[in-house]
Amino acid sequence: GFRRAIRGGWLMLHYQPRSPGNETARLGLVVAKKLLKRSVDRNRVKRVVREQFRQIRESLPPYDLIVRLAAKPGPLDNGRLAEDFLTLLGKLRRSSVKQEEK
């Protein structure tokens, strides 16, 4: 059911509104082995994204979010990953606001 997606530099964000009664956003993560061979790298991606999510979860609309690593990052850079994720969430916020205005 996750038709809608926003593409970032490295990450892809799939999202759908949660059913009524759920007030908070939920996060799922997919980091393919194909893109990052080493488990330490895959875990690092997840850790960075989870950490960002935790900090701004309160301010997010109640969506189910799935974050997928879409491109192979060159050197893994926590800052850039975090930035990419936050940029995606910014776009999501704007698009969810637009939908409410309709």
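These notes cover the structure that comes with them. (Residues numbered from 1 in each chain as written. Predicted model: local features only at pLDDT ≥ 70, side-chain atom pairs only at ≥ 80, totals over all residues. Heavy atoms only, no water.)

## Some details on the overall build of the protein
Assigned secondary structure in the protein consists of two helices and four strands. For the protein, the N- to C-terminal ordering of α and β elements is β-β-β-α-β-α. For the protein, the C-alpha radius of gyration of 14 Å lies close to 13 Å, the compact-globule estimate for 102 residues. Across the protein, contacts joining residues at least 24 apart in sequence account for 78% of those joining residues at least 6 apart. Of the roughly 6300 Å² of accessible surface on the protein, 49% is carried by carbon and sulfur atoms. (Helix = DSSP H or I, 4+ residues; strand = E, 2+ residues; numbered from the N terminus. Rg over C-alpha atoms; globule rule 2.2 N^0.38 Å. Contact = heavy atoms within 4.5 Å. Areas by Shrake-Rupley, 256 points an atom, 1.4 Å probe, with all protein chains shown as cover.)

## Quick word on the pattern of salt bridges
Taken as a whole and judged by the stated rule, the model has four salt bridges. A salt bridge links aspartate 64 to arginine 26, with the shortest nitrogen-to-oxygen separation between them at 2.7 Å. Placement of aspartate 64 in strand β4 (residues 63–69) and of arginine 26 in strand β3 (residues 26–30) is noted, with a sequence separation of 38 residues between them. Here the residues in one salt-bridge network are Arg18, Arg26 and Asp64, joined through shared partners. (Salt bridge = Lys/Arg side-chain N within 4 Å of Asp/Glu carboxyl O.)

## Observations regarding the sheet that holds strand β2 (residues 11–17)
Pairing in this open sheet of four strands is mixed, and the strands run β1-β2-β4-β3 from one edge to the other. Of all strands in the sheet, those bounded by a partner on one side alone are β1 (4–7) and β3. Across the sheet, the mean angle from the axis of one strand to that of its neighbour is 20°, orientation sign disregarded. Across five bridges, β3 lies against β4 in parallel orientation. Paired with leucine 29 across the strands is valine 67, a residue of β4. Its contacts with the sheet put helix α1 (residues 39–56) on β2, β3 and β4, and the angle it makes with β3 is roughly 165°. (Pairing = 2+ DSSP bridges. Axes fitted to C-alpha atoms, helices over the stretch in contact; angles between N-to-C directions.)

## Things to note about the nonpolar core
When a protein is soluble and globular, its nonpolar side chains tend to lie buried together. Residues Leu11, Leu13, Leu65 and Leu92 are the most contacted members of the largest nonpolar core, which totals 26 residues. Counting only elements with at least two residues in this core, the list comes to β2, α1, β4 and α2 (78–101). Of the residues forming this core, the biggest block, six residues, is contributed by α2. Setting aside anything within four residues of it in sequence, one finds leucine 92 in contact with Ile6, Leu13, Tyr15, Tyr63 and Leu65. (Core = buried A, V, L, I, M, F, W, Y, C linked by side-chain atoms within 4.5 Å. Buried < 20%, exposed > 50% of the residue type's maximum accessible area, 1.4 Å probe, protein only.)

## Section: the pairing of β4
Among the seven residues that make up β4, five are buried, leaving the element largely enclosed by the rest of the structure. Strand direction decides the pairing type here: β2 and β4, joined by seven bridges, are antiparallel. If you follow proline 17 over to β4, its bridge partner there is tyrosine 63. Handedness of the β3-α1-β4 crossover: left-handed. (Right-handed = clockwise from strand over helix to strand, strands pointing away.)

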